[in-house]
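These are the residues of each chain, in order.
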Amino acid sequence: MQVATHLQHIHPSYIREILAAATAEGIISLAGGLPATDRFPLSLMAESIAELPRHAELFQYGETAGYRPLLDHLENLYQVASSHRMMVCSGSQQGLDLIARTFLNPGDGVAMEAPSYPGALQVFGMARAAIHPVQQHRDGPDLDALESLFASGQVKLFYAVPDFHNPTGVCWTLEVRQKVASLCDRYGVALIEDAPYRELRFAGKELPLVSTFCPERALVLRSFSKIATPGIRLGMLSGPRDWLPALIRVKQASDLHSSIPMQALILDLITHPGFPGHIRQLCDLYSERYQALATALSEYLGEGFDAEPVQGGMFLWLKLPVLDSAAVARAALTKRVAVVPSTAFYPKGVSAEPALRLNFSHEAPDTLREAVRRLARVLI
Ligand SMILES: Cc1ncc(COP(=O)(O)O)c(C=O)c1O
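Every chain is numbered on its own, with residues counted from 1 as its sequence reads. In keeping with the predicted nature of the model, local features appear solely for residues at pLDDT of at least 70, side-chain atom pairs appear and are counted solely at 80 or more, and the whole-chain, interface and lining totals rest on all residues. Derived side-chain values reflect all non-hydrogen atoms in the structure, with water molecules and hydrogen atoms excluded from consideration.

- The chain goes by DNA-binding transcriptional MocR family regulator in an unreviewed UniProt entry, where it is assigned to Marinobacterium mangrovicola.
- UniProt positions are given in the numbering used here, feature names are shortened, and annotations may be inferred rather than shown by experiment. Per UniProt, the comment on the chain under Cofactor (unreviewed entry) is "pyridoxal 5'-phosphate".

As structure tokens, then:
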């Protein structure tokens, strides 16, 4: 059967396409966005998992907006703006999809940082939005370009990942946060603040969410994938009180509600006295792995290969002096290391800065070092 026309507007995810090759025997993969599997907080969840059979009520149909005790706890924990409401979604990816399906008509303009998260490119592609890339600098998006784009009246939404961006690891400064919020306010553009990496800070000081400066026009996505486990598929979406009912209706049509037993488990996990320590250990681990990767890059590659330091998250963006990053990624596979070329992070037809995204959260320091040694055989 022929696929629907809106599917012609998404390109398949490079990462999913090379997954088979990247997971083959002997390949070191820095390609995925995988958290450290051996640090999933399963021991903190063990008691709650064992208790689940005693709570048949959790296995009944539930509210679309989410498991009420979890929502109550999170609204308080995240200090959600008083004008906002929160809902649970099946991963922040679903939240993104719900936003697109609720608020976008074909042809509506969406501004995105370039490069940007491929999952968002897919969602906005499927919604047949007109994507407007805005170049990203080391402290956030190009503000002049953003302002002229907003002033042109072509944009309804601005999608951004201000904390430890995927793929570049960039974290916006306070000034950029305030400026972007004021531009959204001035030009009536809604901000989608996607913050799955926010808690993974291992250096520098935490900064306020951009949405705290423009709560009336911001939707915030948060995720349990990076701080608990991605397989549990839970995230949160918050936004202005009168925007939520439409989003909840679309979710209802989509999947009725996210898994209630998993929401109960997450609530037990995040209220467990050991949970803050788990996040601290995760940040320490990622800091150590990041240092190992950055050190290996400077030892093996030297001059001409630029990687901006990051203060958190899971990715490092290695700029290349050569132009064809896709060819480099293909050649790297023949040397048994998988990486993602920058082309995977730009909309079709937009020229990509030559670079590679390297993940540092999943592999141990020695393996990261070996991956860079193999990559160097392709690059120099
Ligand atoms: C920027 C960004 N947003 C959203 C997601 C999706 O996360 P989730 O597992 O919560 O659906 C990811 C996953 O890697 C991501 O990098």
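Let's pick the thread back up.
## A short note on the domain arrangement of the chain
Then comes step 1: Each domain's limits were defined by an automated method or a database of domain assignments. Looking at the chain, the domain boundaries give domain 1 (5-40 + 276-379) and domain 2 (57-270).
Then comes step 2: Spacing between the C-alpha centres of domain 1 and domain 2 amounts to 24 Å.
Then comes step 3: Of the residues lining the interface, 35 residues belong to domain 1; the matching set on domain 2 comes to 31 residues.
Then comes step 4: Note on definitions: salt bridges are taken to be side-chain nitrogens of Lys or Arg within 4 Å of carboxyl oxygens of Asp or Glu. Along the contact surface separating domain 1 from domain 2 lie one salt bridge.
Then comes step 5: Close ionic contact of E308 with R138 constitutes a salt bridge, the shortest N to O distance being 3.2 Å.
Then comes step 6: Between N or O atoms, a polar contact is any pair within 3.5 Å; within protein, one atom must be a potential hydrogen donor and the other a potential acceptor, and residues adjacent in sequence are included only when both atoms are from side chains. Linking domain 1 with domain 2 are eight residue pairs in polar contact (both at pLDDT 80 or more), by the criterion used here.
Then comes step 7: In this description a helix means any DSSP run of H or I spanning at least four residues, a strand means any run of E spanning at least two, and both kinds are numbered starting from the N terminus. Where the side of domain 1 that touches domain 2 is concerned, the elements lending two or more residues are helix 10 (275-300) and strand 11 (315-319).
Then comes step 8: The greatest single-element share of the side of domain 1 that touches domain 2, amounting to seven residues, is contributed by helix 10.
Then comes step 9: A breakdown of the residues in the side of domain 1 that touches domain 2 according to their chemical character gives 22 nonpolar, 11 polar and two charged. The contact definition used throughout considers only heavy atoms, calling two residues in contact when any of these lie within 4.5 Å. All residues other than Ala, Val, Leu, Ile, Met, Phe, Trp, Tyr, Cys, Pro, Asp, Glu, Lys and Arg, Gly among them, are scored as polar; the first ten of these are nonpolar and the last four charged.

## Focus on the nonpolar core
Most often, soluble globular proteins keep nonpolar side chains buried together rather than apart.
Then comes step 1: By convention a nonpolar core is built from buried Ala, Val, Leu, Ile, Met, Phe, Trp, Tyr and Cys residues, the set being connected through side-chain atoms within 4.5 Å. Burial classification: accessible surface area is computed with a 1.4 Å probe over protein chains only, and a residue below 20% of its type maximum counts as buried, one above 50% as exposed, and the rest as partly exposed. Judged by nonpolar contacts, the single largest core of 92 residues is most densely connected at F124, F224, L318 and L358.
Then comes step 2: The element best represented in this core is helix 10, accounting for 10 residues.
Then comes step 3: The residues that make up this core include at least three from each of domain 1 (5-40 + 276-379) and domain 2 (57-270).
Then comes step 4: Beyond its immediate stretch of four places on either side in the chain, L358 contacts L30, L293, L297, M314, F315, L316, L318, V339 and L375.
Then comes step 5: In this structure, A111, V176, V210 and C214 belong to the second largest nonpolar core, which totals 20 residues.

## Points about the side chain of S29
Then comes step 1: Following the sequence through the fold, S29 ends up in strand 1 (residues 28-29).
Then comes step 2: Apart from residues no more than four positions distant in its own chain, S29 is found in contact with A22, A338 and E363.

## Looking at the sheet that holds strand 14 (residues 355-359)
Then comes step 1: Pairing between strands is defined by DSSP: at least two bridges between the two strands are required. Taking strand neighbours across the sheet as the criterion, the four strands line up as 10-11-14-13 in an open arrangement whose pairing is antiparallel. Of all strands in the sheet, those with a lone pairing partner are strand 10 (306-307) and strand 13 (340-341), marking the two edges.
Then comes step 2: Relative to strand 14, strand 11 runs antiparallel, the two being bridged by five bridges. Looking at the pairing, K319 lines up with A355 of strand 14.

## Considerations on a nonpolar patch on the surface
Then comes step 1: Like-charged residues within 9 Å of one another, or nonpolar side chains (Val, Leu, Ile, Met, Phe, Trp, Tyr) within 5 Å, are grouped into patches, provided each residue has over 30% relative accessible area and no salt bridge. In these tables, accessible area is a Shrake-Rupley quantity obtained with a 1.4 Å probe, and a residue counts as shielded only by the protein chains included in the view. Taken together, the side chains of V3, L7 and M126 make up a nonpolar region of the molecular surface, amounting to roughly 220 Å² of accessible area.
Then comes step 2: As for its position among the elements, M126 is in helix 5 (residues 118-126).

## Describing the site of the ligand
Then comes step 1: Residues in close proximity to the ligand total 14 residues, the closest being S92, D194, Y197, S223 and S225.
Then comes step 2: Between the ligand and the protein, one listed contact pairs a nitrogen atom with a side-chain N or O atom of D194 at 2.5 Å.
Then comes step 3: A distance of 2.5 Å separates an oxygen atom of the ligand from a polar side-chain atom of Y197.
Then comes step 4: Summarising the interface, the protein chains cover 92% of the accessible area of the ligand, which totals 400 Å² for the free molecule. We call a residue near a given molecule or strand whenever any one of its heavy atoms falls within 4 Å of it.

## Regarding the state of the cysteines
Structurally, a disulfide amounts to a covalent bond that connects the sulfur atoms of two cysteines.
Then comes step 1: Cysteine sulfur atoms that pair up within 2.5 Å are treated as a disulfide. Applying the stated criterion across every chain yields a total of zero disulfides.
Then comes step 2: C214 provides the cysteine sulfur closest to C89, a residue in no disulfide bond, and the two sulfurs are 19 Å apart.
Then comes step 3: Residue C283 stays outside any disulfide, its sulfur separated by 13 Å from that of C171, the closest cysteine.
Then comes step 4: For C283, a relative accessible area of 8% translates into the label buried.

## What about the sheet that holds strand 2 (residues 84-89)?
Then comes step 1: Across the sheet, eight strands lie side by side as 2-9-8-7-6-3-4-5; this open sheet has mixed pairing. In this open sheet, the two edge strands, each paired with only one partner strand, are strand 2 and strand 5 (140-141).

## Some details on the packing of aromatic side chains
Then comes step 1: Two rings belonging to Phe, Tyr or Trp (six-membered ring only in the last case) form a pair when the distance between their centres is within 6.5 Å. Interplanar angles under 30 degrees mark stacking, angles over 60 mark edge-to-face geometry, and anything in between is tilted. Per the stated rule, a full pass over the model turns up nine aromatic pairs.
Then comes step 2: Consider the rings of F150 and F158, whose centres lie 6.0 Å apart with planes at 70 degrees: the pair is edge-to-face. Comparing F150 with F158 shows no difference in burial state: the two are buried.
Then comes step 3: Members of the aromatic cluster, each reached through a chain of ring pairs, are F150, F158 and W172.
Then comes step 4: Distance and angle both matter: a charge sits over a ring if NZ of Lys or CZ of Arg is within 6 Å of the ring centre and within 35 degrees of the ring normal. Taking NZ or CZ as reference, R222 lies 3.7 Å from the ring centre of Y78, over its face.

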